[in-house]
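What follows is each chain in one-letter form.
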Amino acid sequence: MQTPQNLKYTSSDEWLLLEGKIATLGVTDYAQDQLSDVVFCEIAVGVGDTLDKNSIVATIESVKAAADVKTPVAGRVTEINEELANMPEVINTDPFGAAWMLKFELSDPAELDSLMDAEAYKAFCETRGH
Amino acid sequence: MTEPTIYELSSPGRIGFRYPAPDVPESALPKEFMRQDLPMPELAEVDVIRHFTHLSTLNYNIDKGLYPLGSCTMKYNPKINEATARLPGFTFTHPLQPIETVQGNLALMYNLQEQLKEISGFAAVTLQPSAGAQGELVGVMIIRAYHRSRSDTKRTRILIPDSAHGTNPATSSMTGFEVVHVPSDARGNVDLDVLKSLVDDTVAGLMLTNPNTLGLFDENVIEVIEIVHKAGGLVYGDGANLNALLGIARPGDLGFDIMHFNLHKTFSTPHGGGGPGSGPVGVCAKLADFLPSPIIGIIEPATEEIAPLYGFVTPAKTIGRVKSFYGQFGVLVRAYTYIRMHGPEGLRKIAEYAVLNANYLLSRVREYYHLPYERTCMHEFVVEGNWPDVPDIHALDDAKRLMDYNFHPPTNYFPLIVHEALMIEPTESESKQTLDAFADALVKIAEEARVSPELLREAPHNTPISRLDEVKAAKDLVLCCWIPDQE
Amino acid sequence: MYIPHTEAETSEMLKSIGVKQISDLFNDVPLKHRFSRLAIPPGVTEMEVLEELKEYAAANEQAGELACFLGAGVYNHYVPAAVDSLLRRGEFYTAYTPYQPEISQGTLQAIFEFQTLIANLTGMEVTNASHYDGATATAEAGVMAYHHFRGKRPKIVLSSAVHPQYREVLCSYLCGYEDIHIETAGKGESALSHPDNLLKLIDQETALVVVQYPDFLGRIFDFRNLVKTAHEQGALVAVVVNPIALGLLTPPGEIDADIVVGEGQPLGIPMSFGGPYLGFFATRKEYVRKMSGRLVGETTDAQGRRGYVLTLTAREQHIRREKATSNICSNQGLIALATTIHMSLLGKNGLKQVAGLCYHKAHYAAKEIAKLPGFEVIGAEPFFNEFMVKCPKDVATLNYDLLDLGFLGGYDLRKEYPELKNHMLVAVTEMNSREEIDDFVQALKEVSDD
């Protein structure tokens, strides 16, 4: 299972890539494995929207499950991945790359402290098993 | 092999059914509202008969064989029920006729209410909900209404054990409650310590399935209910597993405040390929006023010479109407017929043999499939459908392979607390022969898993169609045969 | 009874389990409550139960013997013999929900065809496998609209000419959402007012506008203006329809309705004292994921053969659990099959024919009743097969007397519409012959004379 070192992680299986004040968000390899074949993804926010901490930013559906994707930190949306709706399956094949969902500007970088680093997330996934 | 759709069979100009010519002078039609085109198929009667007859042959069904589906109670559907439900004196009655003209219907419904009360130990019953899920909704709505009537607005949480029936969490959140999960202990009972820690004055109630979806009767059920009652909460019983309790124990006696029945499970009304079901709800005395409206009551009591006048009663604090009219009447007639044919002894026999059959089946397969909870089961049991020495085989594969042995698979992947679960409920209407054949198939499959696993992984091989691409179905989303182009 | 076991078999089974008697299997049940005695009458045989049920049935008066002019959402239509003949096949009615598609293609394909037929009839793009009835389908439209706007639009504008029971059920379902409020035509306005009176209630807070076509009082209105206004305000529009009327009338899909719901009973389902019936639900493709209820989709198997499966199940209660927007589990399975067979049999021509018969017979009846002194046919709008009659006496009394003459009179509107005292809602279908209609008119005259 992949867990890129340069990312931050949440306990609900989202990842964040931090570049200055801009964060990119997606779901992890563990998440896509749990979901199995993704058939649908809808980004629920638009460019310019304000995000509250823990608000829902997207929904993903597979044949077996439906999941809400949340942002662990507050911000303002700067870009969304328009392509994703047309090829939701990249969430399975490239969860850390082409399956990025949105970029947003952080309102309070201090909130990042609650996120896990790669090692912590890996350990966390191991405790969960299935 | 593939049966064409009615649209593919259609041929312009074919007539399937003729009405008599109009016997009245024609009136002007409202030109601005006239439909330009009616894109419906055109088939002859023989086309329709052959098409649907062919489709029927592709279905597994109870009349063909066993459905060991846990918590579904797929028992035999008696044919006499079909005859009584079709009596013209029932089918030709309009729900809005004056009550004096439908005393037969109302008496039947009243008597059914009374019988269900007696069977379950409740003070009042509504026959209105159309299905188990709707019965549950009514149950949770009553819980909410009860607390509101006491001006107790703090109670926003509903406790649901992890061994609960599938619809319970959805029903709770639909009604505005927060769902709190309660784990089961090692014996498959509700974990009493955790329950005690979770119960406080913010808990509106507990939704308990007993026997639960592990097929186990909660050994502490009385205490569980008392804990919730002491904290001021109500206890809702999911009646999906009532088949194990008929004539054995009455949920009302055990302390349940509300329970829904599934007439299409416990009381033999047919599943019809997905409905219609019927989900009456029983309540204890203090909740009777909250039942949906209307219920059937006696408007004028009987005298020496005349029968009582039955009619509709609006409970004093009703939660309102949840369906048009009074309930799935045609289904109620079937359930009534069934209960009348059984009487108290017959009903008890149902529970006895349902439980006997499940335990017998378990005794035949327990060496081959891991049983996570070492207890006497009730009418169903749950085993694990995979084995540590063949990690590539999953419960799904066992299920699909059973079809090659001419059995419908059991419920799988539920309850969630058992890994790769196979939930098996034979019901009382299956003979020892059928159970032995089913057990033999399960044993064989356990062997095949080691010796020729691809038989399982690629199963089914002998069915009209093989494993279908569900991912493609969800992505392409073709939900109609043919839609005419819309400008 | 239906338990096949012999004593010998039971003994063998007990031995295999390792208990002496069946009652030993119930030791987990608290002793105090074990083996409850049920005070219900003893069981009877098949012959006896049939006699008993026949007595119940005989204690009713029914449309098979009376001439029926009662509608109000449930209609006495002819059910072709082929429908029940197919429905009685055990392969259909004793089948389970099609969760195992490999052995349920019969049920699945029939539902797929049902979905298509309803979509075509209503002029919409997608439909589900049915709800319990027209009332719950209407309620689910409200729930869907509420969730579509994520709870940000808490208002539902509801015409008071929508079936009273459907409005009740809509309210029952939406009361779980604290902030929702439902507005019907402004206070003081009667149900008889034009639906354009609803326009002023539609605003940016409105999630859904619900109207009926033909409405509960039988009238046909042009909703294009209403749909336009609703869409300008960003609200959705749901239209409750009579499916038979759609054999003649422009379907709501063509005027851009967002949701079409209705009661399927007129499509080959006996009146059966209120159920089981069928609620159909149709909408646009863009809302398919917001729609509750079962859905069947087309796909292929490993050999490339066309087949059908339940799809988008991730929306449903057993997967989403507490995040599901509805808890609905079953559809009306066999009832949907019955309507599918009925619609297949009638087809394009049959549906047009029966709609035409209902229309013309109802208009004939209205004209004849209008000639009676003391009676007035109300409503300037076009109507389909139901119309309001202002009577010289209260409707309950008239109906009582009509029964003696062998007629089931129309619906007493006073109950739900207090301003419509002495108004009867008369329905006419293809089952009413001209002679019957003439006799009814004559009977009305007789029972109103005094």
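Residues numbered from 1 in each chain as written. Chains lettered and ligands numbered in written order. Predicted model: local features only at pLDDT ≥ 70, side-chain atom pairs only at ≥ 80, totals over all residues. Heavy atoms only, no water.

Asks: Describe the interface of chain B and chain C, naming the residues involved and giving the relevant values.
Replies: On the side of chain C, 186 residues touch chain B, which itself brings 202 residues to the contact. Roughly 17100 Å² of surface becomes buried between chain B and chain C when both sides are summed, with 63% attributable to carbon and sulfur atoms. Seen at the junction of chain B and chain C, the total is ten salt bridges. Measuring nitrogen to oxygen at the nearest pair gives 2.8 Å for the salt bridge that ties E8(B) to R306(C). Across the chain B-chain C interface, the total number found is 83 residue pairs in polar contact (both at pLDDT 80 or more). Ranked by residue count, the leading element in the side of chain B that touches chain C is helix α11 (residues 329-365) of chain B, at 27 residues. Across the side of chain B that touches chain C, the residue classes tally to 107 nonpolar, 58 polar and 37 charged. (Contact = heavy atoms within 4.5 Å. Buried area = accessible area lost by both parts, 1.4 Å probe. Salt bridge = Lys/Arg side-chain N within 4 Å of Asp/Glu carboxyl O. Polar contact = N/O pair within 3.5 Å; in protein donor to acceptor, adjacent residues only side chain to side chain. Helix = DSSP H or I, 4+ residues; strand = E, 2+ residues; numbered from the N terminus. Nonpolar A, V, L, I, M, F, W, Y, C, P; charged D, E, K, R; others polar.)

Asks: A description of the packing of α11(B) against helix α13 (residues 432-451) of chain B should follow, citing residues and the corresponding values.
Replies: All names here are of chain B. At a closest axis distance of 9 Å, the pairing of α11 and α13 adopts a crossing angle of 30 degrees. Here α11 runs over α13; the crossing is right-handed. Residue-level contacts link N357, Y360, L361, R364 and V365 of α11 to K432, L435, D436, F438, A439, D440, L442 and V443 of α13. Looking at the contact of α11 with α13 residue by residue, the classes come out as eight nonpolar, one polar and four charged. (Axes fitted to C-alpha atoms, helices over the stretch in contact; angles between N-to-C directions. Left-handed = near helix turned anticlockwise from the far one by under 90°.)

Asks: Account for the pattern of salt bridges, naming residues and giving values.
Replies: For the structure shown, the criterion picks out 50 salt bridges over all chains. Put simply, D37(B) and K348(C) hold a salt bridge, and the shortest N to O gap is 4.0 Å. Taken together, the residues span two chains, with D37(B) in the loop between α1 (6-9) and α2 (45-57) and K348(C) in helix α10 (residues 333-370). Between R450(B) and D389(B) there is a salt bridge; the shortest N-O distance is 2.9 Å. Of the two residues, R450(B) sits in helix α13 while D389(B) sits in the loop between β10 (381-384) and α12 (395-404), which places them 61 residues apart along the sequence. One network of salt bridges, in which partners are shared, links R364(B), K432(B), D436(B), D440(B) and E12(C).

Asks: Summarise the sheet that holds strand β2 (residues 126-127) of chain C; cite the residues concerned and give the values.
Replies: Residues and elements named next belong to chain C. Across the sheet, seven strands lie side by side as β2-β8-β7-β6-β5-β3-β4; this open sheet has mixed pairing. With one partner strand each, in any of the chains shown, β2 and β4 (181-183) form the two edges of the open sheet. Bridge analysis of strand β3 (residues 155-158) against β4 gives three bridges, and the strand direction is parallel. When the sheet's bridge partners are listed, I156 is paired in β4 with I182. (Pairing = 2+ DSSP bridges.)

Asks: Just give me the short version of the side chain of E380(B), but keep the residues and values in it.
Replies: All names here are of chain B. Turning to its location among the elements, E380 is positioned in the loop between α11 and β10. Within the structure, the side chain of E380 is placed 3.4 Å from the side chain of N241, a separation counted as a polar contact. Contacts of E380, omitting those with residues within four sequence positions, involve G70, S71, N212, T213, L214, G215, N241, A358, M423, I424 and E425.

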